[in-house]
Amino acid sequence: MDETDISFFKDGFRLDGRRADQLRPVKIEVGVLARADGSCYIEMGGNKVIAAVYGPREVHPRHLQEVTRAIVRYRYNMASFSVEERKRPGPDRRSYELSKVSREALEPVILTTYFPRSVIDVFVEVLQADAGTRTAGINAAAVALADAGIPMKSMISSCAAGKVADTIVLDPMKEEDNFGQADLPIAMTPGGEITLMQMDGGLTREEFHQAVEMAMKGARDIYEIQRNALVDKYSQLEAPAEEVKACE
Ligand code: UDP
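## Some words on the site of the ligand
Surrounding the ligand, one finds Met78, Val83, Arg94, Ala129, Asp130, Ala131, Gly132, Thr133, Arg134, Lys174, Asp177 and Asn178. In this structure, an oxygen atom belonging to the ligand sits 2.9 Å away from a side-chain N or O atom of arginine 134. Against a free-state accessible area of 510 Å², the protein chains account for coverage of 79% of the ligand. Spatially, the ligand is embedded in the largest pocket. Counting residues per element, the ones that place at least two in the shell around the ligand are α2 (133-147) and α3 (174-179). Broken down by element, the residue count for the shell around the ligand peaks at three residues, all from α3. Within the shell around the ligand, the residues separate by chemical class into four nonpolar, three polar and five charged.

Put into structure tokens, the structure is as follows:
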């Protein structure tokens, strides 16, 4: 099957009923794992992803230590049952690439110099995949880092735009990603500083600008959801007893 066998639009709407510039529903839960220092569960459409953060803690093996800063490790893993055709367990070229680019998307905002000789470990487990797992993973990881109390300059939000049937669309789902003409995931700070940009397929210069604009708008909307999820969790916490007393 290729792109020509699929009709991507029906009456102006996409296969899942979305407009071209519409995100899939996003749901974020903060602090879902008791044993991690920070964690987050995210659903972006059909993607279900969990992120766990550990650290800052001592680096093992020790020769990886950096004297002036913490190192950041990011492991992206796709569960065998997360995709239609069972994925062979264990790392592969794709997961190495996604781990690398995702780490690079987050590292610029982490204040690593506060923690020399330490490591911050980020684990991302994809439980269900429907295209856009790297963007979902980065969104969950950024929230999990904040939940772990890791000092960061800002949040990072990630979203992709794609091209199907000569139309630029936001947040492509699996059929659009696998059989479309292009895919352009980005990650950025709320201020619009881009920390990840990749591209598969082909776009004209004009389409490229349109896709970047659209993906940035999607990332801004995701930022609001990340922020609300963190505010929800932390505004529910009661102030420590001494603080309450001091206020009385
Ligand atoms: N996919 C799959 N098997 C694989 C890898 C990917 O079925 O071994 C599917 C999965 O739904 C994934 C999508 O193809 O989300 C797009 O994969 P891509 O490599 O573009 O990364 P993603 O869009 O998930 O970041």
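## Concerning the pairing of strand β9 (residues 167-170)
Judged from the four bridges that link them, strand β8 (residues 157-164) and β9 form a sheet pairing that is antiparallel. Note that in β9 the partner of valine 164 across the bridge is threonine 167.

Cut-offs used in this document
- Residues numbered from 1 in each chain as written.
- Predicted model: local features only at pLDDT ≥ 70, side-chain atom pairs only at ≥ 80, totals over all residues.
- Heavy atoms only, no water.
- Near = heavy atom within 4 Å.
- Polar contact = N/O pair within 3.5 Å; in protein donor to acceptor, adjacent residues only side chain to side chain.
- Areas by Shrake-Rupley, 256 points an atom, 1.4 Å probe, with all protein chains shown as cover.
- 1 Å grid on protein atoms, 1.4 Å probe; cavity = no way out; pocket = protein on both sides within 12 Å on 5 of 7 lines; lining within 4 Å.
- Sits in = over half its atoms within 2 Å of the grid points.
- Helix = DSSP H or I, 4+ residues; strand = E, 2+ residues; numbered from the N terminus.
- Nonpolar A, V, L, I, M, F, W, Y, C, P; charged D, E, K, R; others polar.
- Pairing = 2+ DSSP bridges.

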